[in-house]
Amino acid sequence: MSAAKISVAKKAIDYIEKKLSKETILGIGTGSTVNFFIEELDPYKNLFRGAVSSSDASSEILKKKNIEVFSLNDVNQIDFYIDGADEVSPSNFLIKGGGGAHTREKIVAAASQEFVCIVDKTKLVERLGAFPLPIEVIPEARSSVARKIVALGGKPIYRDGFITDQGNQIIDVKEMDISEPEALEILLNNMPGVVDNGIFAFNKPNVVLVSD
């Protein structure tokens, strides 16, 4: 599996390398595939200005590589956002959030000129939903949101002991009908107490690179 992740990380480097400049700001996602990308990025760190990270974990790795990490509030634009996914549909809709960072991932993706998704072949699916859908919730609203999920036909499972970088909790939803990703993304995000959910329908990638 690591060989596949290294191969797609190298593909991402090949995709962006010639487009880098001293003013380039990269958006960096979260997860094991992204960690391999950061390793591959290390020799090129003098070719771009720095990065905006989607998680505290990725920020720490970038800092250890002496890549400057900026707050999104301190940059005018992000040129490329590179991140993985838990599922990718034929229409490039995604499920993300297995690592619990999907809220900040979606924010950084939305602020980027181009979203480059890097995955191994096992993440390609005909239809979203086999992977449990993560929903970040305000702690006080967890039970009320879960009841609404049950009413929609989903099976909510509290991610026990996990706290997001924003100090919130995660509900992982199984058996949810995600045949209409855009409609469901809106519906879930309109529930009081939901911070964001892991469907990337409106912020889907411009490019999906897949491992050999």
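Right above here is the structure, for reference.
Computed from a prediction, not measured in an experiment: that's the story for all the values here. Residue positions are counted from 1 within each chain, in the order its sequence is given. In keeping with the model being predicted, local features are shown solely for residues with a pLDDT of at least 70 and side-chain atom pairs are shown and tallied solely at 80 or more, while totals for entire chains, interfaces and linings include all residues. Side-chain metrics rest on all non-hydrogen atoms present in the structure, leaving aside hydrogens and water.

All right, on to the overall build of the protein then. Helix and strand labels come from DSSP, where a helix needs a run of H or I of at least four residues and a strand needs a run of E of at least two; each type is numbered from the N terminus. Within the protein, the secondary structure is distributed over six helices and 13 strands. Taken along its principal axes, the extent of the C-alpha atoms in the protein is 50 × 35 × 30 Å. For the exposure calls, accessible area comes from a 1.4 Å probe over protein chains only, and a residue counts as buried if that area is under 20% of its type's maximum, exposed if over 50%, partly exposed in between. Going through the 212 residues of the protein one by one, you find that 50% of them count as buried. Intrachain contacts of the protein at a sequence separation of at least 6 include 75% that bridge at least 24 residues. Only the protein chains shown count as covering a residue, and every accessible area follows the Shrake-Rupley method with a 1.4 Å probe. Counting every atom, the protein has about 9800 Å² of accessible surface; 49% of that belongs to carbon and sulfur. Across the protein, 24 positive and 30 negative side-chain charges occur, with their mean positions spaced 2 Å apart. Residues count as neighbours in contact if any of their non-hydrogen atoms are within 4.5 Å of one another. The charged-residue count follows a simple rule in which Lys and Arg add positive charge and Asp and Glu add negative charge, with His and chain termini not counted at all. Charge positions come from single atoms, namely NZ of Lys, CZ of Arg, CG of Asp or CD of Glu.

On to the sheet that holds strand β3 (residues 69-70). Pairing between strands is defined by DSSP: at least two bridges between them are needed. Pairing is parallel across the open sheet formed by six strands, whose spatial order is β3-β2-β1-β4-β7-β13. The sheet is open, and its two edges are formed by β3 and β13 (207-210), each paired on a single side. When strand β1 (residues 25-28) meets strand β2 (residues 50-53), the two strands line up parallel, connected through four bridges. If you follow Leu26 over to β2, its bridge partner there is Ala51. Under this scheme, a helix contributes an axis fitted over its contacting stretch, all axes are lines through C-alpha atoms, and angles between N-to-C directions fall in the 0 to 180 degree range. The sheet contacts of helix α1 (residues 2-16) involve β1, β4 (78-83), β7 (112-119) and β13, and relative to β13 the element is tilted by about 140°.

Turning our attention to the packing of α1 against helix α2 (residues 32-41). The N-to-C vectors of α1 and α2 enclose an angle of 55°; their axes lie 8 Å apart at closest approach. By the angle class used here, α1 and α2 are oblique. Pair α1 / α2 crosses with right-handed handedness. For the pair formed by α1 and α2, the contact residues are Ser2, Lys5, Ile6, Val8, Ala9, Lys10, Ala12, Ile13 and Ile16 on the first element and Ser32, Thr33, Phe36, Phe37, Glu40 and Leu41 on the second. When grouped by side-chain class, the residues that make up the contact of α1 with α2 number nine nonpolar, three polar and three charged. Angular relationships are summarised with four words: roughly parallel below 35 degrees, roughly antiparallel beyond 145, roughly perpendicular across 65 to 115, and oblique for the angles in between. Crossing handedness: left-handed means the near helix sits turned counterclockwise from the far one by under a right angle, and right-handed means the same turn made clockwise. Gly counts as polar in this scheme, as do all residues outside two lists: the nonpolar Ala, Val, Leu, Ile, Met, Phe, Trp, Tyr, Cys and Pro, and the charged Asp, Glu, Lys and Arg.

Here the focus is the pattern of salt bridges. For salt bridges, the criterion is a side-chain nitrogen of Lys or Arg within 4 Å of an Asp or Glu carboxyl oxygen. This model, assessed by the stated rule, comprises twelve salt bridges. When the shortest N-O distance is used, the salt bridge between Glu39 and Lys65 registers 3.0 Å. Here Glu39, found in helix α2, pairs with Lys65, found in the loop between α3 (56-64) and β3; they are 26 residues apart in sequence, far enough to count as distant. The exposure class assigned to Lys65 is buried, which follows from its relative accessible area of 17%. Where salt bridges share partners, they join Asp56, Arg104 and Asp165 into one cluster.

Take the environment of Leu20 next. Assignment of secondary structure puts Leu20 in the loop between α1 and β1. Under the relative-accessibility criterion, Leu20 is labelled buried at 14%. The residues contacting Leu20, other than those within four sequence positions of it, are Leu26, Leu47 and Phe48.

With that settled, the discussion passes to the packing of aromatic side chains. Stacked, edge-to-face and tilted are the three classes for Phe, Tyr and Trp ring pairs, Trp counted by its six-membered ring, which pair at centre distances within 6.5 Å; planes under 30 degrees apart are stacked, over 60 edge-to-face, the rest tilted. The tally for this structure, following the rule as stated, stands at one aromatic pair. Ring centres of Tyr81 and Phe115 lie 5.1 Å apart, and the angle between their planes is 50°; on these two criteria the pair is classed as tilted. On the criterion of sequence distance, the pair formed by Tyr81 in strand β4 and Phe115 in strand β7 is long-range, its members being 34 residues apart. The exposure class assigned to Phe115 is buried, which follows from its relative accessible area of 3%. We note Lys19 situated over the ring of Tyr15; from NZ or CZ to the ring centre the distance is 3.9 Å. By definition, being over a ring means that NZ of Lys or CZ of Arg is both within 6 Å of the ring centre and within 35 degrees of the ring normal. Across the ring face of Phe93, the terminal group of Lys204 is positioned such that the distance to the ring centre comes to 4.7 Å.

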